[in-house]
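Listed here are the chains, written in short residue letters.
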Amino acid sequence: MPRYEYRCRSCGTTFEVSRPMAESSAPADCPQGHDDTVKLLSTVAVGGAATGAGAAPQAGGGGGGCCGGGCCA
């Protein structure tokens, strides 16, 4: 089940709630009992190394970097 992060506007507490995606936009009460909360935009971190034929080249391997390799060294 996905976890959603919220912040209480009243006390500033940040907290997480596990709920189905269908309820992702439903209001969430602060653990301190306040109901003025806002859902935060969370980022997803993915780690690990790519391997195999589809793997991206490593740094210095001619991958192009941030601008396609034409303007930065």
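Structural data are supplied above this passage.
The notes below deal with the structure included here. (Residues numbered from 1 in each chain as written. Predicted model: local features only at pLDDT ≥ 70, side-chain atom pairs only at ≥ 80, totals over all residues. Heavy atoms only, no water.)

## Side note on the overall build of the protein chain
Within the protein chain, the secondary structure is distributed over 0 helices and 3 strands. When the elements of the protein chain are put in sequence order from the N terminus, they spell out β-β-β. Counted over contacts in the protein chain with a minimum sequence separation of 6, partners at least 24 positions apart contribute 29%. Carbon and sulfur atoms provide 51% of the accessible area of the protein chain, an area that totals close to 5,700 Å². (Helix = DSSP H or I, 4+ residues; strand = E, 2+ residues; numbered from the N terminus. Contact = heavy atoms within 4.5 Å. Areas by Shrake-Rupley, 256 points an atom, 1.4 Å probe, with all protein chains shown as cover.)

## Some thoughts on the environment of Pro2
On the secondary structure map, Pro2 appears in the segment before β1 (3-8). Residues Pro2 and Arg19 lie 17 residues apart in sequence; the distance between their C-alpha atoms is 6.1 Å. Setting aside anything within four residues of it in sequence, one finds Pro2 in contact with Val17, Ser18, Arg19 and Met21.

## Re the sheet that holds strand β2 (residues 14-18)
To summarise the sheet geometry, strands pair through backbone hydrogen bonds and adopt either a parallel or an antiparallel arrangement. Read from one edge of the open sheet, 3 strands run β2-β1-β3, paired in antiparallel fashion. The open sheet has two free edges, formed respectively by β2 and β3 (37-39), since each of these has just one partner strand. Between one strand axis and the next, the sheet turns by 35° as a mean value, whatever way the strands run. Where β1 and β2 come together, 5 bridges link them in antiparallel fashion. When the bridges of β2 are listed, Glu5 appears paired with Glu16. (Pairing = 2+ DSSP bridges. Axes fitted to C-alpha atoms, helices over the stretch in contact; angles between N-to-C directions.)

## Describing the nonpolar core
Counting residues in hydrophobic clusters, the biggest one holds 7 residues: Tyr4, Tyr6, Cys8, Phe15, Val17, Ala28 and Cys30. For this core, the secondary-structure elements that each account for two or more residues are β1 and β2. Among the elements that line this core, the one with the most residues is β1, at 3 residues. Apart from the residues lying within four places of it in its own chain, the contact partners of Phe15 are Tyr4, Glu5, Tyr6, Arg7, Cys8, Ala28, Asp29, Cys30, Pro31 and Thr37. (Core = buried A, V, L, I, M, F, W, Y, C linked by side-chain atoms within 4.5 Å. Buried < 20%, exposed > 50% of the residue type's maximum accessible area, 1.4 Å probe, protein only.)

## With respect to the pattern of salt bridges
A complete count under the given rule lists 2 salt bridges for this structure. Of the charged contacts, one joins Glu16 and Arg3 as a salt bridge, the two residues approaching to 2.7 Å between their closest N and O atoms. Taken together, the positions of Glu16 in strand β2 and Arg3 in strand β1 put the pair 13 residues apart, joining distant regions of the chain. Put simply, Asp36 and Arg9 hold a salt bridge, and the shortest N to O gap is 3.6 Å. Of this pair, Asp36 sits in the loop between β2 and β3 while Arg9 sits in the loop between β1 and β2, and the two are 27 residues apart along the sequence. Judged by its relative accessible area of 34%, Asp36 is partly exposed. In this structure Arg9 comes out as exposed when scored by relative accessible area, which is 53%. (Salt bridge = Lys/Arg side-chain N within 4 Å of Asp/Glu carboxyl O.)

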